[in-house]
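Listed here are the chains, written in short residue letters.
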Amino acid sequence: MSLQPKCLCSDSDGASVLYQPYPANWPEYTPRDKVADWLEFYASSQDLVVWKSTEFKTRPSCGPASRTWTITMRRVGKLVTLHPAHIILATGTVGRPSIPVLPDTERFHGRTLHSSAFPGGGAFSGQHAVIVGAGNSAIDIAQDLSFRGAASVTMVQSSQTYVVSRDFATALVGTFFPED
């Protein structure tokens, strides 16, 4: 495998930036905590500098001759322009947290938070919890609340549930994220 920097533009040769694949003995459905630990290990073992809470301010552009990107970001209140060989977008599949504005929230004395800020089920031991949504994060949180002693856990969803087999979902995901 070549470790030469490659610009991963849309017309590139599809080079991979993952120089350290997941261990071969990992389960097909890897638990999220295991993946999170792996990403921290990966960043450390590859000597990566990780900037959290940094946002793109310009659309990245790729110079075919230089085979590098040009990107401007806001980091700690300052604009920074970089010219990396690779850009890895790790934003999840559904984008930024969406927190609706609800009337009379000031009258509610409980705690409201987005799943991205969930501190773990132990913080809600003995309490009643309502989860709005029924996606992967909601299910993970409901299970964690239940295992950590929440008095009750209620899930609310606004539309029908789609039930598909694991094999179908795996095949569908595989078309977007092939093994190689």
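Numbers given for residues are sequential positions, taken from 1 along each chain in its written order. Only residues with pLDDT of at least 70 are given local features in this predicted model, and only at 80 or more are side-chain atom pairs given and counted; all residues enter the totals for whole chains, interfaces and linings. Values reported for side chains reflect all heavy atoms of the structure, with hydrogen atoms and water molecules removed beforehand.

Counting from the N terminus, the helices are DSSP H or I runs at least four residues long and the strands are E runs at least two residues long. Check the secondary structure of the protein chain and you find three helices and six strands. Reading the protein chain from its N end, one meets helices and strands in the order α-β-β-β-β-β-α-β-α. Working definition: with a 1.4 Å probe on protein chains only, accessible area under 20% of the residue-type maximum means buried, over 50% means exposed, and in between means partly exposed. Expressed as a percentage of its 180 residues, the buried residues of the protein chain come to 12%. Taking contacts inside the protein chain between residues at least 6 apart in sequence as the whole, the part at least 24 apart equals 34%. Here the open area of atoms and residues is found with the Shrake-Rupley method and a 1.4 Å probe, where only the protein chains shown may cover a residue. Accessible surface computed for the protein chain: about 14,600 Å², of which carbon and sulfur atoms make up 56%. Note on contacts: a residue pair is in contact if any heavy atoms of the two residues lie within 4.5 Å.

Here we take up a nonpolar patch on the surface. Think of a patch as exposed residues, more than 30% relative accessible area, with no salt bridge, where like charges cluster within 9 Å and nonpolar side chains (Val, Leu, Ile, Met, Phe, Trp, Tyr) cluster within 5 Å. Any carboxyl oxygen of Asp or Glu within 4 Å of a side-chain nitrogen of Lys or Arg constitutes a salt bridge here. A cluster of nonpolar residues, Val164, Phe168, Leu172, Val173, Phe176 and Phe177, forms a patch on the protein surface that exposes about 660 Å² of accessible area. Summarising the element assignment, Phe177 is placed in the segment after helix H3 (166–176).

For the rest of this paragraph, the subject is the nonpolar core. Listed in full, the eight residues of the largest apolar core are Phe124, Ala129, Ile131, Ala138, Ile141, Ala142, Leu145 and Ala150. The set of elements that each furnish at least two residues to this core consists of strand S5 (128–132) and helix H2 (136–147). With four residues, H2 is the largest single contributor of residues to this core. Apart from the residues within four sequence positions on either side, Ala142 is in contact with Ile131, Val153 and Met155. Nine residue types can take part in a nonpolar core, namely buried Ala, Val, Leu, Ile, Met, Phe, Trp, Tyr and Cys, and a core is a set of them joined through side-chain atoms within 4.5 Å.

The next thing to look at is unusual backbone geometry. Positioned with a positive phi, Asp47 is a non-glycine residue whose angle comes to about 55°. Within the secondary structure, Asp47 sits in the loop between helix H1 (32–45) and strand S1 (55–56). What makes Asp47 exposed here is its relative accessible area of 69%. For Asp104, which is not a glycine, the phi torsion comes out positive at approximately 65°. For Asp104, the position within the fold is in the loop between strand S4 (78–82) and S5.

Here we come to the pattern of salt bridges. One pass over the structure, following the stated rule, counts two salt bridges. Across the salt bridge formed by Asp104 and Arg107, the nearest N and O atoms sit 3.8 Å from each other. Here Asp144 ties to Arg148 by a salt bridge, and the two come within 3.0 Å at their closest N and O atoms.

This part takes up the confidence of the model for the protein chain. As a per-residue measure, pLDDT reflects the predictor's confidence and takes values from 0 up to 100. The pLDDT averaged across the protein chain works out to 78; a share of 84% of its residues lies at or above 70. The model gives residues 1–17 a pLDDT under 50, and that stretch makes 26 contacts with residues more than four places away or in other chains.

Right, let's get into the packing of aromatic side chains. Working definition: rings of Phe, Tyr and Trp (its six-membered ring) pair if their centres are within 6.5 Å, and the pair is stacked with planes under 30 degrees apart, edge-to-face with planes over 60 apart, and tilted otherwise. Scanning the entire structure with this criterion turns up three aromatic pairs. Seen from their ring centres, Trp38 and Phe41 are 5.3 Å apart, and the 45° between their planes marks the pair as tilted. Of this pair, Trp38 and Phe41 both sit in helix H1, separated by three residues, roughly a single helical turn. Ring centres of Phe118 and Phe124 lie 5.9 Å apart, and the angle between their planes is 5°; on these two criteria the pair is classed as stacked. A relative accessible area of 10% means that Phe124 is categorised as buried. Linked through ring pairs, Trp26, Trp38 and Phe41 together constitute an aromatic cluster.

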